[in-house]
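Given next are the chains, with one letter for each unit.
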Amino acid sequence: MLALKNSKLLCTDSLINGKWVKETKNRTVNVINPANQEIIATVSSVGVIETQQAITSAQQAQKTWRATTAKDRSLLLRRWHDLLLKNQEDLALLMTLEQGKPLTESRGEIAYAASFLAWFAEEAQRIYGDIIPSYSNDRRLMVLKEPVGVCAAITPWNFPAAMITRKVGPALAAGCTIIIKPALETPLTALALGQLSIEAGIPPGVVNILVGPAQEIAQQLTSSTLVRKLSFTGSTPIGKHLMKECADTMKKVSLELGGNAPFIVFDDADIDSAIEGAMLSKFRNAGQTCICANRIYVQSNIYQAFVEKFSAKVARLTVGPGHESNIDQGPLINIAAVEKVEAFVNDAVTLGGKIIIGGARHTRGKLFYQPTVIANATQQMKLAHEEVFGPIAPIFKFNSEEEVITLANNTEYGLASYFYSRDIGRIWRVSEALETGLVGVNSGVISTEVAPFGGYKASGIGREGSKYGIEDYLNTKYVCIADLDK
Ligand code: NAP
């Protein structure tokens, strides 16, 4: 099954100080293919001792890494980027097998993941300080930017590569070292990235990757005074918990959390374009993305036409194992995800939702769910307030711009929002009124390494990617030189 061109990319131990390390008592965890429940690999599952070793190695490596030139760090990141692209097919296969997304999406994610390494290879050389006009002739005031130090990163399974490089890219560029704890469902992609970091020549201890029980590893990372920053991507409840855990050691914290994206179609929109955007936004990764359309709002006079055209497109989606050709939607990640989707659909139907298409498990296997469209969605339904994280498209009706803005913002989340309109006045008004960190106007896919990614409200703190992304890995130091007239 695992016919990799570069067999070195199948790694089953943790990466500490440049070496592959097994857990001392040989604890292991199986990596399961969600398409067929077969075991893909058995990975060593490390804990307290290895986390402490990783912290020590990252601390040691930090001293020399921060002293390297920006140009040298940039070259190493660039080499790592090139290796991701050179091994794109193998990495995509590993990702599809452990995560389930179609191979075309996995290839796309590897390219997206690599783009963060290239971007921050360049940003490494643009970390400027400042000279501040002095308030006194005998004084000079400066601002220096310095690496935060040892960083920890905890990442989710839905984007097993990009959620790692979006953190490790700016960390390394800034002169920080890092300890990464990937999700237990998808460690193989993470470890393969680790192998490529070695091949790229990144020094031992700069990148460490620990596979093991989340709480056990996280507790060591959050309580350590040597770890100066935590960057987490995952669910809002775990993000809140980790923020509290980091308070005692006063770490810098970045949180990329859950979403509940509204996708609004006004009656002046290009409907075909809106349908295309909704398809991409909703069904990519089987609806398991933090920025995917969770609630589709359509203006009442075009509602029926939208529902019909959209459902016809959804009916044409091909569901199956991600490694087969021409698959649009793979399995969900685990049985809990399928059960959550079922519960949301049942709730919607009980409250008057009309299933236009789908609404049940799929015959391809235990973790497959049919792409589903639910019309007559209402604010009472769970689908209006919680992240479904599955291939369910609830369609709500609205009458006015004012009403839909209130509905769109009526959530604790504030990650992404989308709307379709050709009216320039409306485009400005609605863009400014939506309380989200990302707004897509006339597009359902807007992520790029060159633009800032991050949430308002319970969707998080900090920004990743873009020129802003590196700030989270830097400390700002004010230096005042006095007595210059003596
Ligand atoms: P999750 O359950 O919060 O898990 C994310 C990571 O946290 C995993 O590595 C997990 O490890 C770890 N974790 C779980 N419990 C922990 C604990 N008590 N202490 C420390 N770490 C713990 O989230 P998920 O289900 O994997 O991912 C889906 C969520 O991520 C969604 O809410 C989605 O919106 C969000 N997300 C946000 C973004 C963004 O950029 N804003 C991007 C992608 C996903 P184990 O795997 O070992 O349990």
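Worth saying up front: this structure is predicted, and the values here are computed from it rather than measured. (Residues numbered from 1 in each chain as written. Predicted model: local features only at pLDDT ≥ 70, side-chain atom pairs only at ≥ 80, totals over all residues. Heavy atoms only, no water.)

## Describing the packing of aromatic side chains
Then, in step 1: All chains considered together, the criterion is met by 9 aromatic pairs.
Then, in step 2: Pairing phenylalanine 306 with phenylalanine 310 gives two aromatic rings, centres 5.5 Å apart and planes at 20 degrees, and the pair type is stacked. Taken as a pair, phenylalanine 306 and phenylalanine 310 lie in helix H10 (residues 303–315) at a separation of 4 residues, close to a single helical turn. Of the two residues, phenylalanine 306 and phenylalanine 310, both sit in the buried class.
Then, in step 3: Three or more aromatic residues joined by ring pairs form one cluster here, namely Phe263, Tyr418 and Tyr420.
Then, in step 4: For the cation-ring pair, arginine 166 lies above phenylalanine 453, with the distance from its terminal atom to the ring centre recorded as 4.0 Å.
Then, in step 5: Positioned above the aromatic ring of tyrosine 473 is the side chain of lysine 229, whose terminal nitrogen or guanidinium carbon lies 4.8 Å from the ring centre. (Phe/Tyr/Trp six-rings, centres within 6.5 Å; stacked < 30°, edge-to-face > 60°. Helix = DSSP H or I, 4+ residues; strand = E, 2+ residues; numbered from the N terminus. Buried < 20%, exposed > 50% of the residue type's maximum accessible area, 1.4 Å probe, protein only. Lys NZ or Arg CZ within 6 Å of the ring centre and 35° of its normal.)

## Quick notes on helix H9 (residues 271–283)
Side chains three or four residues apart in an α-helix point the same way, a direct result of the helix having 3.6 residues per turn.
Then, in step 1: In this model, H9 (13 residues) spans 18 Å end to end at C-alpha, consistent with the 18 Å of a helix rising 1.5 Å per residue.
Then, in step 2: Buried within H9 we find Ile271, Ala274, Ile275, Gly277, Ala278, Met279, Ser281, Lys282 and Phe283.
Then, in step 3: Looking at the residues trailing H9, positive phi occurs at asparagine 285, about 55 degrees. (Expected span 1.5 Å × (residues − 1).)

## Comments concerning the sheet that holds strand S14 (residues 354–357)
Then, in step 1: Reading across the sheet, the 7 strands line up as S14-S15-S16-S13-S12-S18-S19 and stay open at both edges, with mixed pairing between neighbours. Because the sheet does not close on itself, it has two edges, and the strands there are S14 and strand S19 (438–441). Pairwise comparison of adjacent strand axes, ignoring direction, gives a mean angle of 25 degrees for this sheet.
Then, in step 2: Two strands pair when backbone bridges link them, and strand S12 (residues 261–265) and strand S13 (residues 293–299) are joined in this way by 5 bridges, in the parallel orientation. (Pairing = 2+ DSSP bridges. Axes fitted to C-alpha atoms, helices over the stretch in contact; angles between N-to-C directions.)

## Here's the deal with the nonpolar core
Then, in step 1: Core analysis: the biggest nonpolar cluster contains 62 residues, and Trp80, Leu84, Val168, Leu172, Ile178 and Val207 have the highest contact counts within it.
Then, in step 2: The biggest single contributor to this core is helix H4 (residues 103–123), with 9 residues.
Then, in step 3: In this view, valine 207 contacts Leu15, Trp80, Val168, Leu172, Ile178, Ile180, Ser197 and Ile202; residues no more than four positions away in its chain are not counted.
Then, in step 4: Among the nonpolar cores identified, the runner-up in size contains 34 residues, and Phe266, Ile333, Tyr369 and Val404 belong to it. (Core = buried A, V, L, I, M, F, W, Y, C linked by side-chain atoms within 4.5 Å. Contact = heavy atoms within 4.5 Å.)

## Some points on the site of the ligand
Then, in step 1: With respect to spatial proximity, 30 residues lie near the ligand, and among them Thr155, Trp157, Ser235, Leu257 and Glu387 are the closest.
Then, in step 2: At 2.9 Å from an oxygen atom of the ligand is found a side-chain nitrogen or oxygen belonging to tryptophan 157.
Then, in step 3: Glutamate 387 places a polar side-chain atom, nitrogen or oxygen, 2.5 Å from an oxygen atom of the ligand.
Then, in step 4: Relative to its unbound accessible area of 910 Å², the ligand is 86% covered by the protein chains.
Then, in step 5: Where the shell around the ligand is concerned, the elements lending two or more residues are helix H5 (162–174), helix H7 (214–223), strand S10 (227–233) and helix H8 (236–247).
Then, in step 6: The element best represented in the shell around the ligand is H7, accounting for 3 residues. (Near = heavy atom within 4 Å. Polar contact = N/O pair within 3.5 Å; in protein donor to acceptor, adjacent residues only side chain to side chain. Areas by Shrake-Rupley, 256 points an atom, 1.4 Å probe, with all protein chains shown as cover.)

## Observations concerning H8
Then, in step 1: With 12 residues, H8 should reach 16 Å at 1.5 Å per residue; the first-to-last C-alpha distance of 17 Å fits that figure.
Then, in step 2: For H8, the set of buried residues is Thr236, Gly239, Leu242 and Cys246. Relative to the axis of H8, the buried residues are bounded by an arc of 120 degrees and lie together on one face. Among the exposed residues of H8, those oriented more than 90 degrees off its buried face are Pro237 and Lys244.
Then, in step 3: Each element contacted by the buried residues of H8 is listed here: strand S7 (150–154), H7, S10, strand S11 (252–256) and strand S17 (413–414). (Arc of directions from axis to C-beta.)

## Concerning the pairing of strand S3 (residues 28–32)
Then, in step 1: Residues Val29 and Val31 line the buried face of S3, whereas the alternating positions Thr28, Asn30 and Ile32 sit on a face that is not buried.
Then, in step 2: Bridging between S3 and strand S4 (residues 39–44) involves 5 bridges; their strand directions are antiparallel. Residue pairing in the sheet places valine 31 in a bridge with alanine 41 of S4.
Then, in step 3: Between the end of S3 and the start of S4, which pair antiparallel, lie 6 residues, with glutamine 37 showing a positive phi angle near 65 degrees.

## Observations concerning the side chain of glutamate 23
Then, in step 1: Here glutamate 23 shows up in the loop between strand S2 (19–21) and S3.
Then, in step 2: The class of glutamate 23 is buried, set by a relative accessible area of 7%.
Then, in step 3: A polar side-chain atom of glutamate 23 sits 2.8 Å from the main-chain amide nitrogen of lysine 25.
Then, in step 4: Once residues within four sequence positions are removed from consideration, glutamate 23 is found in contact with Ser44, Ser45, Val46, Gly47 and Glu50.

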